[in-house]
Amino acid sequence: MPFPLPIVALAISQTLGYAILFYTFIALGESWSEQRGWSMPLINGALTAALAAQALTAPLFGRFIDQGMAGTLLPVGLAAGSMLLASIAWVESIWWFYAAWILMGFCWSASLYDTCFSYLIQTRGRKARQAITAVTLVAGFASTLSYPFNRWMAAQGNWELSIFLQAGFGLLIMVPLAWYGTRKRVHPDLSAQNSKATVTSQSPTIANTPLLLFTVGISLLVLAHFGLLPSLFPLFNEVGLNNLQATVLASLIGPMQVVGRIALMFSPTGIPMIRVTYVCAASMIAAFLVLFSLSWLAVSVIPIICACLVFVLLDGGAIGVLSISKPLSLAESFGKDNIGTLSGVVALPSGLAVAIGPFLLSYFAETFGFPAMLGFVVIILMAALLALVASQLLLKE
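Below, the structure is looked at part by part. For every chain, the first residue of the written sequence is number 1, and numbering continues from 1 onward in sequence order. Per-residue local features are limited, in this predicted model, to residues with pLDDT of at least 70; the limit for side-chain atom pairs, both in listing and counting, is 80 or more; totals at the level of whole chains, interfaces and linings are taken over all residues. Processing note: side-chain calculations cover all non-hydrogen atoms of the structure and skip hydrogens and water entirely.

Another point: the overall build of the protein. For the protein, the count of helices and strands is 17 helices and 0 strands. Across its three principal axes, the protein shows a C-alpha extent of roughly 55 × 50 × 40 Å. Burial status follows relative accessibility: with a 1.4 Å probe on protein chains alone, a residue under 20% of its type maximum counts as buried, one over 50% as exposed, and anything between as partly exposed. When burial is assessed residue by residue, the protein has 55% of its 397 residues classed as buried. Residue contacts follow a heavy-atom distance rule, with two residues in contact if any of their heavy atoms lie within 4.5 Å. The long-range fraction of contacts in the protein, counting pairs at least 24 apart against all pairs at least 6 apart in sequence, stands at 83%. Approximately 16,900 Å² of the protein is accessible, and the part contributed by carbon and sulfur atoms is 70%. If the 16 positive side-chain charges of the protein are averaged to one point and the 13 negative ones to another, these points end up 16 Å apart. Helix and strand assignments come from DSSP, with helices taken as H or I runs of at least 4 residues and strands as E runs of at least 2, each series counted from the N terminus. Reported accessibility uses the Shrake-Rupley method at a 1.4 Å probe radius. Residues are deemed covered only where the shown protein chains occlude them. Residues scored as positive are Lys and Arg, those scored as negative are Asp and Glu, and His as well as the terminal groups of each chain are ignored. Just so you know, the charge point we use is NZ for Lys, CZ for Arg, CG for Asp and CD for Glu.

Spelled out as structure tokens, the structure:
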């Protein structure tokens, strides 16, 4: 289906935003370790600090969004992030390295998905779902753009040049696209059919029980997915895959996110987004149960590959759809009037969950083993689904 040019511009700018400002860290971490002499845990700590900074500033930027400033935040945040990225080439102190990435976390909070989706919900009305889907379809290939380019440049000994080129490309292409995508505001459809007037929309604080339960559910879902990612290769090796098999299967998670989003795009438009979120949670439960069963069964390599492929399909597709259903469920359940503030309230604990998830699950796996860790994640996901269902039941009272 055709999309307006501003939506296309936003989709491209978000793709470049994630490719340049986020995935560059993951792609070049080893190069920084080798050249600067810093350990990988020390470098990865900067990523955790950046994710925490993103989460902690989400409520503040959410209030700015509700004041109509999303169209300013998106291009300004991307521009500031591009300049910060360029500064990394000159940083030789680990403390300045951490400072730069903490500031980058502020830029992520101002200019990536949460701000973009809040803007689209505010301005696209009934068409927000299609617009958000279009953005995520394109942005799903951000890592595909970033990893090969950065890894190739680093292999040539030119990671600094890679950073400068990306920062320049961001300032010259990404930022103007973000500005163009937000320069014309479409008045939102605030009819009674599209916006629920609830107590939460008037006072969106985490003290509101339905919103608290919704936030807990979303936070546990992202903790499970993102917490497992750093342990995914050792886990695949543990169940019986070699390095090549593990690499191929792990690389399919991104494309499976796109597949899930395409499926959502062609699904009936009348389905409540909270039900789609339920399906995401159930799909993730099934995915981790598949891996959990592998850890206890003695099977040949072909069934192991098939089971891991099922995991990638279910988990990757679910997390891809969740990036769309989360903001839309939030708007449907709690109202659109304060969508920026609402998004910030949810983003704070869920962002912290993304930051601490890898440490929590890797510690659990190292201490108790992978089977126990997978069982723990299944319990977390079941709790997430129960919290989401409970939030809706309380809203109906």
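On we go.
This paragraph deals with the packing of aromatic side chains. Working definition: an aromatic ring pair is given by the centre-to-centre distance plus the angle between the planes. Side-chain rings of Phe, Tyr and Trp (the six-membered ring for Trp) are treated as a pair once their centres are within 6.5 Å; stacked means planes under 30 degrees apart, edge-to-face means over 60, and tilted covers the remaining angles. If you walk through the whole model with that rule in mind, you get 22 aromatic pairs. An angle of 70° between the planes, with centres 6.3 Å apart, marks the rings of Tyr-18 and Phe-22 as edge-to-face. With Tyr-18 and Phe-22 both in helix 1 (residues 5-36) and 4 residues apart, the pair spans about one turn of that helix. Phe-22 matches Tyr-18 in its accessibility class, with the two residues each being buried.

Now for the nonpolar core. The definition of a nonpolar core used throughout is a set of buried Ala, Val, Leu, Ile, Met, Phe, Trp, Tyr and Cys residues joined through side-chain atoms within 4.5 Å. Grouped together as the largest cluster of nonpolar side chains are 122 residues, with contacts concentrated most on Trp-32, Phe-97, Trp-101, Trp-108, Leu-120 and Phe-236. The biggest single contributor to this core is helix 15 (residues 301-334), with 14 residues.

This brings us to the environment of Leu-395. Tracing the backbone through its elements, the reader meets Leu-395 in helix 17 (residues 370-395). Residue classification places Leu-395 among the partly exposed positions, given a relative accessible area of 27%. As a C-alpha pair, Leu-395 and Lys-336 span 59 residues in sequence and 16 Å in three-dimensional space. Setting aside residues no more than four positions away along its own chain, Leu-395 makes contact with Pro-210, Ser-333 and Phe-334.

Expected span, for any helix, means 1.5 Å times one less than how many residues it has. Here helix 2 (residues 40-66) contains 27 residues, and its C-alpha end-to-end distance of 39 Å stays within 8% of the 39 Å for a straight helix at 1.5 Å per residue. The sharpest bend along helix 2 measures roughly 45° and falls at Ala-58, with the proline Pro-59 sitting one to four residues further on. The first or second residue beyond helix 2 is Gly-68, which carries a positive phi of 85°. What we call the bend at a residue is the angle made by axes fitted to the seven residues finishing there and the seven residues starting there.

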